[in-house]
Amino acid sequence: MIKSIIFILPLMLHGYLFSQEAIPPPVTNNFQKATSYDELSTFINHLDKQSDLLKVEIAGQSVEGRNLYTLFFSSSEFAKDKSKIKVLIFAQQHGNEQSGKEGALMLASELLKPEYRYLFDKIDLVVVPQVNPDGSEMNKRRNANGKDLNRNHMILTEPETQTLHTLFNRYLFEVTLDVHEYSPYGESWKKYGYRKNADITLGSTTNTNISKNIRELSDNGYLPFILKYLSDSQFSSFTYSPGGPPGEEYIRHSTFDVNDGRQSFGIQNTFSFIQEGMNGKDDSIENLKRRAEGQMTGMRGLLEYVHGNKEKIKTLVWEERKKLLAFTPGQDISIQSVHVPSGKPLILPLLSYSTGKDTLVKVKDYRPLVRSLLDVQKPLGYLIPGDCTILVDWAKRQSFEQLPFKIDPGVQIGQYLITAIDSIDFEGDIVVDAQVTLNELKELPADKGFIYIPTAQLKGNLIILALEPRSMLGLVTYDKYASLLKTGQPFPVLRITKK
Ligand SMILES: [Zn+2]
């Protein structure tokens with residue numbers, strides 16, 4: 001008897017340590033609470049030991065020092081096999097949107113099952129299940145500095161967004177998905193009598209400076225696929241359509257700003273999306289099981305689409321990125337835009353508060369298209385004064401390629417003079433709109449020690465959107481950089497163009 005226990009015990013321990021399946025914490029918790037950071041850490045470390053397919057790294061830390069876990073899935077060595085396509089899925093930038101994290105943890109566990117092994121014949125995948133652990137612990141939207149991470153991708157002041165972009169820069173993922181939740185429970189909708197009710201909504205990139213070909217494949221390829229994939233899996237789905245209720249505010253396909261997870265990667269000609277599950281009432285854990293399963297199904301659907309269209313997506317992304325990497329004269333970049341109607345109404349599925357039944361509403365003020373109001377011609381690059389610390393530090397955080405600059409007869413140095421500071425409507429907000437004249441400088445001010453940032457790089461269009469003083473998405477629209485605009489003064493950033 002004693003002898004057999006001695007034999008069996010090590011076997012049982014061995015079995016527990018090396019082959020027992022790691023159960024995702026939301027399942028262990030029976031979806032009765034949101035997974036805590038400690039539970040997430042324990043689970044991820046356990047999962048890491050379970051399969052050669054997965055390797056866990058800590059890519060960075062939050063404001064309060066929590067780990068930003070990064071899960072690398074690869075059937076070989078990550079990013080070594082150049083024939084594969086690289087996909088990045090990241091969740092919970094907003095700490096009170098718990099289902100993205102839960103779904104990502106469930107996905108991680110699911111992907112280790114033999115039936116999903118085929119995906120990794122073509123895909124190298126990174127999952128960051130929790131971008132904002134500090135916010136998650138407090139069940140709050142923002143990070144511990146009180147910053148909205150999904151409005152921080154332009155200025156990159158926060159360690160969480162910096163970590164995400166360092167990760168992106170290292171591998172230049174061809175496909176990215178940013179996972180969120182939307183809340184349909186607003187007072188204005190209650191008054192309207194209906195609310196949105198789709199389990200999962202999906203959005204593509206809308207900034208018009210992003211490759212048109214990529215946007216077309218997003219809208220005509222991926223979106224129809226994933227909406228059907230979700231409904232085949234018994235989850236209601238719809239195109240991500242913020243705004244409303246009808247009659248009060250127009251409905252659009254989210255912002256064309258490039259400071260969020262979707263478009264900050266999209267502007268680098270990435271096949272990039274946002275997925276938004278439905279939040280619980282009062283940020284609660286209400287319905288958490290269905291919410292997490294819906295999110296997981298959406299993420300898995302992305303992997304299946306990418307697997308089935310690997311060559312097409314990869315070729316397209318790199319063809320379009322090549323256009324960013326080389327300078328082509330005469331390109332127009334839109335720096336002010338507006339949402340406009342397509343002429344077709346939107347048929348919006350809603351839930352009636354009074355009957356509890358689904359209904360379809362015809363929305364007349366639907367503005368799905370983005371039209372440019374103001375273009376600039378793409379310059380060769382910009383010169384940032386070396387003594388302007390806020391700009392120099394920003395350029396460093398963005399890891400822009402910098403080159404030495406020499407005045408040659410083929411180039412012209414432009415300097416904006418700020419003649420007035422006006423304002424303009426940007427998606428319902430009022431932002432600064434500088435009035436400028438552009439003058440030619442014959443030589444550079446000697447004492448500034450300028451840093452040259454060429455536009456012929458992956459972030460070239462982002463650089464233009466950031467540094468043009470009239471850009472409604474520009475640095476000058478952020479408090480931290482508002483002082484760059486002074487009426488009657490020259491704008492400190494110089495503009496280099498071909499003569
Ligand atoms: Zn969100």
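Residues numbered from 1 in each chain as written. Predicted model: local features only at pLDDT ≥ 70, side-chain atom pairs only at ≥ 80, totals over all residues.

Asker: What should I look at first to understand the sheet that holds strand S13 (residues 358–363) in this one?
Answerer: By definition, the strands of a sheet pair up through backbone hydrogen bonds, in either a parallel or an antiparallel sense. The strand order across the open sheet built from three strands is S6-S12-S13, with neighbouring strands paired in antiparallel fashion. Each end of this open sheet is capped by a strand with a single partner; those strands are strand S6 (194–196) and S13. Taken pair by pair, the neighbouring strands of this sheet meet at an average axis angle of 50°, ignoring direction. (Pairing = 2+ DSSP bridges. Helix = DSSP H or I, 4+ residues; strand = E, 2+ residues; numbered from the N terminus. Axes fitted to C-alpha atoms, helices over the stretch in contact; angles between N-to-C directions.)

Asker: I keep staring at the domain arrangement of the chain and nothing clicks. Help me out?
Answerer: When the parts come together, some accessible area is lost, and that loss is often what is quoted as the size of the interface. Per the domain assignment, the segments making up the chain are domain 1 (2–325), domain 2 (337–371) and domain 3 (379–498). Distance between the C-alpha centres of domain 2 and domain 3: 38 Å. (Domains from an automatic or database assignment.)

Asker: Looking at this structure, I do not really get the packing of helix H8 (residues 212–232) against helix H11 (residues 310–325). What am I missing?
Answerer: Each pair of packed helices gets described by two things: the angle between the helix axes and the distance between those axes. Closest axis-to-axis distance for the H8/H11 pair is 9 Å, and the angle between their directions is 155°. Between H8 and H11, the interaxial angle falls into the category roughly antiparallel. Of the two possible hands of crossing, H8 and H11 adopt the one that is left-handed. Taking contact as the criterion, the partners of Asn213, Ile214 and Leu217 in H8 are, on H11, Leu316, Val317 and Glu320. Taken together, the residues of the contact of H8 with H11 break down into four nonpolar, one polar and one charged. (Parallel < 35°, antiparallel > 145°, perpendicular 65-115°, else oblique. Left-handed = near helix turned anticlockwise from the far one by under 90°. Contact = placed C-beta atoms within 7 Å. Nonpolar A, V, L, I, M, F, W, Y, C, P; charged D, E, K, R; others polar.)

Asker: In this structure, what is going on with the sheet that holds strand S5 (residues 175–182)? I would like to understand it.
Answerer: Judged by pairing direction, the sheet is mixed, and its eight strands sit side by side in the order S1-S2-S4-S3-S5-S10-S7-S8 without closing on themselves. Here the strands that pair on one side only, and so sit at the sheet edges, are strand S1 (54–61) and strand S8 (237–239). Pairwise comparison of adjacent strand axes, ignoring direction, gives a mean angle of 20° for this sheet. Strand direction decides the pairing type here: S5 and strand S10 (residues 271–278), joined by eight bridges, are parallel. If you follow Val179 over to S10, its bridge partner there is Gln275. Against the sheet, helix H10 (residues 288–308) makes contact with strand S3 (85–91), strand S4 (123–128), S5, strand S7 (200–203) and S10, and its axis sits at roughly 160° relative to S10, the strand it touches most.

Asker: What exactly am I supposed to notice about the packing of helix H4 (residues 98–110) against H10 here?
Answerer: Remark: H4 packs on H10, axes separated minimally by 7 Å, with the N-to-C direction vectors making an angle of 60°. Viewed along their axes, H4 and H10 adopt a mutual orientation that is oblique. The crossing of H4 and H10 is right-handed. Contact residues: Gln98, Ser99, Gly100, Glu102, Gly103, Ala104, Met106, Leu107 and Glu110 in H4; Leu288, Arg291, Ala292, Gln295, Met296, Met299 and Arg300 in H10. For the contact of H4 with H10, the residue count by class is seven nonpolar, five polar and four charged.

Asker: Just checking my understanding: could you explain the pairing of strand S12 (residues 346–352) for this structure?
Answerer: Each regular strand displays side chains that alternate between the two surfaces of the sheet. Sheet analysis places S6 next to S12, joined by three bridges and oriented antiparallel. Bridge pairing in S12 places Tyr194 opposite Ser352. In this structure, S12 lies alongside S13, joined through six bridges in antiparallel fashion. Considered in S13, the bridge of Pro349 is made with Leu360. Following S12, the chain reverses through five residues before pairing antiparallel with S13; Gly356 in that reversal takes a positive phi of roughly 70°.

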